[in-house]
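# Per-entry structural report
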Amino acid sequence: MTTQKKYILPKFNAGFKTIIFLLVILSAVSGAQDKIDFSKFNGKIIKDIFIVGNKQTRAKVILREMQLLEGQVFRDSLLIRSRERLENLWLFNRVEMLPFSSSDSVSIIVSVTERWYFFPYPVLYIVDRDWTKLTYGFGFAHLNFRGWNEKLQSSVHFGNRPGLKFVYENPWVGEDLHLYTRVYFRKFRMDNYKYDFPEYHLLSVVHLGKYWTRDIRTVVMFSRDQVSVDKENVIYMESGNQEDINYGIRLINTFDYRDLYAYPTTGWYLRLGIYKMGLFTPKLDYTQYMLDFRKYLSVNSFILAGRVYTLQSYGNTPVYDQVFLGFEERIRGHFNEVYNGRYAMLLGLALRHPLIPLRYFSYHSELLPEFLTKNLKFGLNAGLFVESGQVWNNHKNFKLRNMITGYGFGLHFLLPYVEVLRFDYAFNEQGRGEFIVEVLMPF
C-alpha cells in the first residue's frame, strides 16, 4: 500500500514565494492556454502538482479526475483531458493548468475558480420544454456537499407540476472502486400526456453504479412509482385499478468520450438502457429498450454533431409511461406537436461555429462575494440543424415517408451557471416557422 503525497501549497516562506511567483506566471498566460505548446514537456516525469483556488473543494476531488499524477510521464493530451474533466464537474467557473519544468522533471499548477455551491434558490423551469407549463417554487441546494462533489437538493414546486423533491448524489464512492450512488424522491401531480387527466405520483428511485473507467459506467436503478388517478379516470389505467404501484429495474450502460458535456466539440456518447417495468403486477408487465448515440467532430473551427435516438416499449405499457415525441424529446419545426405510440426514433444533425470565442471576465461588486463575480465565461456560437423522427405502434407500420422533419438555425450563448442559452428558429416541411428559447443543447 502506497502513501499519497500531500497536494497542498507549502506553508514555508520559500515555498510561499515560489507559489506567488508561479501564480504571476499563470496570470500572465491567462486566456491563452490553448495557444501554448505543452508538447515540449512530453516525456518528462511529473514532480509536483500544486492546486490553488479550492477553498471548498477537496484537493482529492480534483486529483482523482486528473489523468496526470505525480511520478507519471507528462503528456500534453492528458493535460488537456484532465482540464476538460474538471470543467465537466460543473464545480468551477474556470480551470487553468500550467506546467513548468527544470531539467528532466515537470511540475503543474492547477488553478480553479469555484462556483457558488450552497444557496437557497427560486424554482422556475419549463416542464417538457413547453413554455406554457411553468413550474415555480423554492428550494435549497448544496452542489458541493462536504467538498466531495456530492449533490444535496430539496425543493417545493407549484404551478404546472406541483409537489416536492429530494435528491442526494455521490459520484465517487469507495476510492479505487469508483462506485456511484443517487437517491431520488419526488411527490408530484401532472396531467396525463395522452388524455390530459391528472395523475398523482409518489416516486422513489435508487441508483447504484460502477465506473469501469473514467468514461464508462454501469448503473442499476431500482424504482417504485405509486400512481393514482381520480375514480372517473380508472378506465384509462391498464391495470383497471385506481392506484398502481409500478416497480421497475433499469440497467443503463454509458460510454462518454465527449470533451465537454455542456457544449461538446469532439468525441462521442453512447447510452444503452434496458428497463423492466411493472414488476410483481402482471397487468403492467412491460420492457423498454433505449439507445442514444451522439458523435462530434471538429474540423478547423466548425463543429459537426449528429444523434441517433430510439425508445421502444414491449408489453402492457400503462398510459402514464408510453413513448412520446413532443415532450422531453422534441423535433424543432414540430416543437409543439405530440406523437405517441410504442416505438420512437429521432435523428439529428447540426453544424456549429463560434462567433465570439469563449472568454472569461471578472468584475468587482461591493454586494457580492468575489467568487460570484470572478472568471465568468461568455461565448457566442451560431448553428444550423435538421431533425427528423417518427413514432409508431407496429413495426410493419414504420415507413420513411412518415418521418416528420424540421430544420433551422440558432444562436448559442455560453454563460456561467446556465451553461448554454439557445435562441432557435425552426421550419417544418411546409416552411412554417417557430421561435424556440431553451437552455442546454438537445445534442
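For the structure, see preceding data.
Residues numbered from 1 in each chain as written. Predicted model: local features only at pLDDT ≥ 70, side-chain atom pairs only at ≥ 80, totals over all residues. Heavy atoms only, no water.

What follows deals with the environment of G248. Take G248: it is sitting in strand β11 (residues 243–256). G248 has contacts with M221, F222, S223, K276, M277 and L279, leaving out every residue within four places of it along the chain. (Helix = DSSP H or I, 4+ residues; strand = E, 2+ residues; numbered from the N terminus. Contact = heavy atoms within 4.5 Å.)

Count 3.6 residues to each turn of an α-helix, and residues three or four apart come out pointing the same way. Taking 1.5 Å per residue, twelve residues should reach 16 Å; helix α3 (residues 76–87) reaches 17 Å between its end C-alpha atoms and fits that length. Buried residues belonging to α3 abut α2 (59–65), β2 (92–102), β3 (105–114) and β11. (Expected span 1.5 Å × (residues − 1).)

Another aspect to go through is unusual backbone geometry. Peptide bonds are mostly trans, and most non-glycine residues show a negative phi. At N149, a position not held by glycine, the phi torsion is positive, near 65 degrees. Looking at where N149 falls in the secondary structure, it is placed in the loop between β5 (134–145) and β6 (150–159). Note on N149: relative accessible area 5%, which makes it buried. Unusually for a residue other than glycine, Y417 sits at a positive phi of about 70 degrees. Using a relative accessible area of 33% as the deciding quantity, one classes Y417 as partly exposed. (Buried < 20%, exposed > 50% of the residue type's maximum accessible area, 1.4 Å probe, protein only.)

Below, the discussion takes up empty space enclosed by the protein. Counted according to the given criterion, the structure contains two cavities of 30 Å³ or more. For the largest cavity, the calculated volume is near 70 Å³. Lining the largest cavity are 13 residues, with R332, R352, F385, H412 and M441 positioned closest to its centre. When contributions to the lining of the largest cavity are tallied by element, the ones reaching two or more residues are β17 (343–361), β18 (376–392), β19 (404–415) and β20 (419–427). (1 Å grid on protein atoms, 1.4 Å probe; cavity = no way out; pocket = protein on both sides within 12 Å on 5 of 7 lines; lining within 4 Å. Points joined across faces, edges and corners; volume = space filled by probe spheres on them.)

Note on placement: F280 falls in the loop between β12 (267–279) and β13 (286–299). For the pair F280 and N246, spaced 34 residues apart in sequence, the C-alpha to C-alpha distance is 8.4 Å.

A few words on the packing of aromatic side chains. Across all of its chains, the model carries 21 aromatic pairs by this definition. Ring geometry for Y289 and Y314: centres 5.8 Å apart, planes at 70 degrees, overall edge-to-face. You can see Y289 sitting in strand β13 and its partner Y314 sitting in strand β14 (residues 302–315), a full 25 residues away along the chain. A relative accessible area of 32% places Y314 in the partly exposed class. Seen in terms of ring centroids, F324 and F327 are 5.3 Å apart; in terms of plane orientation they differ by 80 degrees. Their pairing is edge-to-face. Since its relative accessible area comes to 7%, F327 is described here as buried. (Phe/Tyr/Trp six-rings, centres within 6.5 Å; stacked < 30°, edge-to-face > 60°.)

Strand order in this open sheet of three strands is β1-β3-β2, and the pairing throughout is mixed. Of all the strands in the sheet, just β1 (45–52) and β2 have a single pairing partner and so form its edges. Going from strand to strand, the sheet's axes swing by 20 degrees on average, the running direction of each strand aside. Both β2 and β3 contribute to a ladder of ten bridges, which runs antiparallel. Across the sheet, the residue bridging to F100 is S107, located in β3. (Pairing = 2+ DSSP bridges. Axes fitted to C-alpha atoms, helices over the stretch in contact; angles between N-to-C directions.)

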